[in-house]
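# Reading the structure
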Protein chains: 2
Amino acid sequence: MSEFALIDVLRARCAQARDDVVLGIGDDAALSTVPPGRQLVSCTDTLLAGVHFLPDTAPEDIGWKALAVNLSDLASMGAEPAWALLALTLPEADTGFVERFADGFVELARAHDIALIGGDTTQGPLSVTVTALGFVPIGAALTRAGARAGDVVFVTGMLGDAAGALALSLPPLAGEGARSAVFSPEGGWGQLLKRLNRPEPRIAAGLALRDLARACIDVSDGLLADLGHVCTASNVGAEIEADALPISPELTASFDAQTRRDLALAGGDDYELCFTAPAEREATIVKALDRAGCGATRIGRIVAGSGVRVVDSHGNVIATPRAGWEHFSR
Amino acid sequence: MSEFALIDVLRARCAQARDDVVLGIGDDAALSTVPPGRQLVSCTDTLLAGVHFLPDTAPEDIGWKALAVNLSDLASMGAEPAWALLALTLPEADTGFVERFADGFVELARAHDIALIGGDTTQGPLSVTVTALGFVPIGAALTRAGARAGDVVFVTGMLGDAAGALALSLPPLAGEGARSAVFSPEGGWGQLLKRLNRPEPRIAAGLALRDLARACIDVSDGLLADLGHVCTASNVGAEIEADALPISPELTASFDAQTRRDLALAGGDDYELCFTAPAEREATIVKALDRAGCGATRIGRIVAGSGVRVVDSHGNVIATPRAGWEHFSR
């Protein structure tokens, strides 16, 4: 199976017609048309075996997640996704792997009407780089820079599930006690694993937030790190109420209270949206994000100053885990 | 040095202002504006250590080449490059490497007024994926599909130099005879190495060919393979005159006649443009590409049928090396 044939497998499996694609995979480059009145939104992210997914992750899940993490970046800008380019590096020319990878990729691509317009396959250690392209009306994009002191901080969905699944998937550390009885793929662990392997990019939420949020980011490195980026870009600080963090029943069933809180604050891989908005918009926002299928929870507020602090129900600052997932700091 | 800081190194070194970039590196995604009347042209290509470049290649050269191979794809479409996204995987957080990589990348980016608008850094085996974005006027793009029987086949620049440099860089095979005396970086080898490590994407040539060529491709996998793609896409065949292949003095000084021919036909990594056009445009084309700085050589013609054959000066078909560089066929 040659490189050319692997691209053909991807092309055949990922076919998805869009009127704005003039020329898709198969030439030296793709041709497509950005609608009038729209800005192009572009991002790229790499997933690496053993760093961003466990080596035994199903190829379908890798395909899904490689697209999902990029769509999550588009979602955080309030963008409508349109096209993707895929660079896949594989240890060997394994058609079965590529077919299964493509199945997962295209399942998510179809759900969001995304056309795969470019691809490259190379031989090497398993790695996937996706570039996602989408649109926003001119001037409508959400960024990290718009938060103001007095804004309320919200997050979509639940936090910590993916990091919980990862913690449960890794071998126990020396000296670690017995784990809870719910750690079975049939029970809560299965739900957590789904959140790790099949994150749902919050595209509909991002679109709904265009006129409601002042600043937005997706939670990929962990809430503390990502909200920290918003604070830096907006030149403000933030205060998070530990008790307000949205924690799923599955995470509650699997970890003690402090571990849950640490996973929610710094676990990462959530692919939820964290955003700020004026307090008076809360009811409108909660209603809009319920319609978008993920809900939203008020978790704190933007303050003057800098940095992110976490407070308990008495308003006392509590110690937090190291902020954020940084590949090169381990 | 964290992942965030490495991105900052890239951002700082690769800063390049463009009026059409609304928001560059530093948020979840970039915002940019495609000019009215233009189609977006997109491509992505990965370079992997030990596959696409020698492990001891200078970081500056890797940075240059990772962008160059993508710009070459844009050139073959007749596109004007505008923006690039970069996904860099590194074994360790080596600021010095990233600085030198960025220096090579930005040297080429500045030469073509390209803004780096997105990036991702991860930890793993050395690998670089670039996505290049550009424009063409609506309907003006060159593709692989326009060749017609009777067209003349041209190629820009010289063929085989990069493959020659690679052959000279690798350890001699068992039983291989002594190599020519010009194999020194100061002599011909230096010129060949430059062609391997610092390919010049034929952007100006691609722009000049928009109204002159009928089909176009860049020669990355080797002339036979890439012209074969044109033939398949255009549903025609091609006949190449072996004696017409453009061979540099440096390649001539380093290899015997048959090896030179094989390197020119199937070596790959040339990043020249191979294109077809009506015969009566030859003088105009040669003049236009001289102005574009690379010249053009008539190397054969498009015929009815399929496949690419190579003929000697008597018109006899000659045996050719295996067509094309395929990563997964080794």
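Residues numbered from 1 in each chain as written. Chains lettered and ligands numbered in written order. Predicted model: local features only at pLDDT ≥ 70, side-chain atom pairs only at ≥ 80, totals over all residues. Heavy atoms only, no water.

### Comments concerning the domain arrangement of chain A
All names here are of chain A. Examined at the domain level, chain A breaks down into domain 1 (3-137) and domain 2 (152-324). Taking the mean C-alpha position of each, domain 1 and domain 2 sit 26 Å from one another. In this assembly, 24 residues from domain 1 lie in contact with 20 residues from domain 2. For the pair domain 1 and domain 2, the two sides together bury roughly 1,800 Å², of which 58% comes from carbon and sulfur. Where domain 1 touches domain 2, the interface holds three salt bridges. (Domains from an automatic or database assignment. Contact = heavy atoms within 4.5 Å. Buried area = accessible area lost by both parts, 1.4 Å probe. Salt bridge = Lys/Arg side-chain N within 4 Å of Asp/Glu carboxyl O.)

### What to know about the pairing of strand S6 (residues 127-137) of chain A
Residues and elements named next belong to chain A. Buried residues dominate S6, accounting for ten of its eleven residues. Here strand S3 (residues 38-48) pairs with S6 via eleven bridges, running antiparallel. Bridge pairing links Thr44 to Thr131 in S6. In terms of strand pairing, strand S4 (residues 80-90) meets S6 through nine bridges, oriented antiparallel. The residue bridging Leu88 from the neighbouring strand is Val128, located in S6. (Buried < 20%, exposed > 50% of the residue type's maximum accessible area, 1.4 Å probe, protein only. Helix = DSSP H or I, 4+ residues; strand = E, 2+ residues; numbered from the N terminus. Pairing = 2+ DSSP bridges.)

### Points about the relation of the copies chain A and chain B
Each copy superposes on the other: chain A lies on chain B with an RMSD of 0.0 Å after a rotation of 180 degrees and an axial shift of 0.0 Å. Here the transformation between the copies is reduced to the relation of a two-fold axis. Here 100% of the interface residues in chain A have copies in chain B that are interface residues too; the copies meet face to matching face. (Least-squares fit on C-alpha atoms with pLDDT ≥ 70 in both.)

### Section: the pattern of salt bridges
According to the stated counting rule, one finds 32 salt bridges over all chains in the structure shown. Residues Asp20(B) and Arg18(B) are paired through a salt bridge, measuring 2.7 Å at the closest nitrogen-oxygen approach. Residue classification places Asp20(B) among the buried residues on the basis of a relative accessible area of 15%. Among the charged side chains, a salt-bridge network with shared partners connects Asp161(A), Arg195(A), Arg202(A) and Glu272(A).

### Remarks on the interface of chain A and chain B
The interface is formed by 63 residues belonging to chain A together with 63 residues belonging to chain B. With both chains or domains summed, chain A and chain B bury close to 5,000 Å², and 60% of this area falls on carbon and sulfur atoms. Residue Arg144(A) is joined to Asp27(B) by a salt bridge in which the shortest nitrogen-to-oxygen separation is 3.7 Å. Across the chain A-chain B interface, the total number found is 17 residue pairs in polar contact (both at pLDDT 80 or more). Considering each element in turn, the side of chain A that touches chain B owes the most residues, nine residues, to S3(A). Split by residue class, the side of chain A that touches chain B holds 30 nonpolar, 21 polar and twelve charged. Here S3(A) pairs with strand S2 (residues 30-32) of chain B via three bridges, running antiparallel. The residue of S2(B) that forms the bridge with Val41(A) is Leu31(B). (Polar contact = N/O pair within 3.5 Å; in protein donor to acceptor, adjacent residues only side chain to side chain. Nonpolar A, V, L, I, M, F, W, Y, C, P; charged D, E, K, R; others polar.)

### Digging into the sheet that holds strand S12 (residues 307-311) of chain A
Residues and elements named next belong to chain A. With mixed pairing, the six strands of this open sheet are ordered in space as S8-S10-S7-S11-S9-S12. The open sheet has two edge strands, strand S8 (215-218) and S12, and neither has a second partner. Here the average twist between neighbouring strands, direction ignored, is 25 degrees. Relative to strand S10 (residues 273-277), S8 is paired through four bridges, and the arrangement is antiparallel. (Axes fitted to C-alpha atoms, helices over the stretch in contact; angles between N-to-C directions.)

### Details of the sheet that holds strand S8 (residues 215-219) of chain B
Sheet strands pair by backbone hydrogen bonding; their relative direction is either parallel or antiparallel. All names here are of chain B. Taken together, six strands build an open sheet; the order of strands is S8-S10-S7-S11-S9-S12 and the sheet is mixed. Of all strands in the sheet, those with a lone pairing partner are S8 and strand S12 (307-311), marking the two edges. Adjacent strand axes in the sheet meet at a mean angle of 25 degrees when their direction is disregarded. Pairing of strand S9 (residues 237-241) with strand S11 (residues 296-303) involves four bridges; the strand directions are antiparallel. Each bridged residue has a counterpart across the sheet, and for Ala238 the counterpart in S11 is Ile302. Contacts between helix H7 (residues 223-234) and the sheet are confined to strand S7 (152-156), S8, S9, strand S10 (272-277), S11 and S12, with S8 contributing the most and set at about 155 degrees to the helix.

### Observations concerning unusual backbone geometry
One non-glycine residue, Asp269(A), lies in positive phi territory at about 65 degrees. Its location among the elements puts Asp269(A) in the loop between helix H9 (257-266) and S10.

### Digging into the packing of helix H2 (residues 59-76) of chain A against helix H3 (residues 95-111) of chain A
Relative placement of two packed helices is described by the angle separating their axes and the distance separating the axes. All names here are of chain A. Orientation of H2 relative to H3, taken along the N-to-C sense of each, is 40 degrees, at an axis distance of 6 Å. As judged from the angle between their axes, H2 and H3 are oblique. Taken as a pair, H2 and H3 cross one another with a handedness that is right-handed. Taking contact as the criterion, the partners of Pro59, Glu60, Ile62, Gly63, Trp64, Leu67, Ala68 and Leu71 in H2 are, on H3, Phe97, Arg100, Phe101, Asp103, Gly104, Phe105, Glu107, Leu108 and Ala109. Among the residues forming the contact of H2 with H3, the class breakdown is eleven nonpolar, two polar and four charged. (Parallel < 35°, antiparallel > 145°, perpendicular 65-115°, else oblique. Left-handed = near helix turned anticlockwise from the far one by under 90°.)

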